Amino acid sequence: MTGPGTTPEDGARLAAWTEGELGVAGRVLDVVRAPAAVLSTVGERVDPAAAETVQLAADLVATMRVSPGCVGLAAQQVGVAAQVFCVDVSEHPKARTRHGTFVLCNAEVLSASRNERAREGCMSVPDLTGDVKRGSRLVVRGQLPGTGEQVTVATDAFEARALQHEIDHCQGLLFLDRVAGAHAIYPRQTYL
Ligand SMILES: [Zn+2]
């Protein structure tokens with residue numbers, strides 16, 4: 001799939017990425033819950049090649065992997081106000097385009113279109129879900145941890161939603177900041 005400014009090569013690069021490239025073992029960290037201040041703190045841009053960024057990337061993937069149903073985790077959720085997150089929607093039934101497990105640093109949305117409303121949850125808000133409008137067609141640009149390679153990638157459907165959710169975390173925003181109002185927030189009954 002391609003979009004504005006994207007190349008198939010970038011999508012293939014992202015899909016081929018694995019945490020093995022980081023060369024460090026990830027540690028499983030505690031996940032911070034709202035209303036922790038770090039969750040509403042705008043993340044600092046990072047040096048993708050810095051040792052601390054590489055370790056953070058590995059830690060995010062390790063923590064995501066041991067968390068049932070977790071399709072993404074941002075630095076804020078492990079207590080670090082930085083623009084780093086991981087995503088993996090491989091197993092999710094609502095995903096169409098899938099790039100597997102990846103981490104992006106300093107990611108930004110280049111374009112988002114075809115808004116759709118859907119139920120969303122978050123490990124940092126374990127007791128609630130909410131209906132959030134997000135673009136279902138998305139182009140994102142970011143850097144890979146370690147090498148610092150810049151990738152511009154198009155995606156859709158659930159992976160697009162997960163990316164927008166994680167980029168929001170990096171900007172100090174929760175899905176609760178995006179719901180239309182209290183009527184669009186629900187007690188969690190089943191894990192997404
Ligand atoms: Zn979240």
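Note: the structure precedes this text.
Residues numbered from 1 in each chain as written. Predicted model: local features only at pLDDT ≥ 70, side-chain atom pairs only at ≥ 80, totals over all residues. Heavy atoms only, no water.

Student: When you look at the coordination of the zinc ion in this model, what are you seeing that I'm missing?
Tutor: In an ideal tetrahedron of four donors about a metal, each angle is 109.5 degrees. In an ideal octahedron of six donors, the angles are 90 or 180 degrees. Coordination of the zinc ion by the protein involves Cys122 (SG), His165 (NE2) and His169 (NE2), with metal-donor separations of 2.0 to 2.3 Å. Written as a sequence motif, the donor residues of the zinc ion are C-x42-H-x3-H. Separated by 47 residues along the polypeptide, cysteine 122 in strand E3 (residues 102–122) and histidine 169 in helix H3 (residues 157–170) bring together distant segments of the chain. Since its relative accessible area comes to 0%, histidine 169 is described here as buried. (Donors = N, O, S within 2.8 Å, 3.2 Å for Na, K, Ca; no water. Helix = DSSP H or I, 4+ residues; strand = E, 2+ residues; numbered from the N terminus. Buried < 20%, exposed > 50% of the residue type's maximum accessible area, 1.4 Å probe, protein only.)

Student: Sorry, what's going on with empty space enclosed by the protein here?
Tutor: Any empty space left between the atoms is revealed when a probe the size of a water molecule rolls over them. Summed over all chains, the structure comprises 2 cavities of 30 Å³ or more. Counting residues per element, the lining of the largest cavity draws most heavily on H3, which supplies 6 residues. A per-class count over the lining of the largest cavity returns 8 nonpolar, 7 polar and 5 charged. Around the second largest cavity, the lining residues are Leu14, His99, Phe102, Leu104, Leu138, Val140, Val151, Val153, Ala154, Thr155, Glu159 and Leu163. Among the elements that make up the lining of the second largest cavity, the one with the highest residue count is strand E5 (residues 150–156) (4 residues). (1 Å grid on protein atoms, 1.4 Å probe; cavity = no way out; pocket = protein on both sides within 12 Å on 5 of 7 lines; lining within 4 Å. Points joined across faces, edges and corners; volume = space filled by probe spheres on them. Nonpolar A, V, L, I, M, F, W, Y, C, P; charged D, E, K, R; others polar.)

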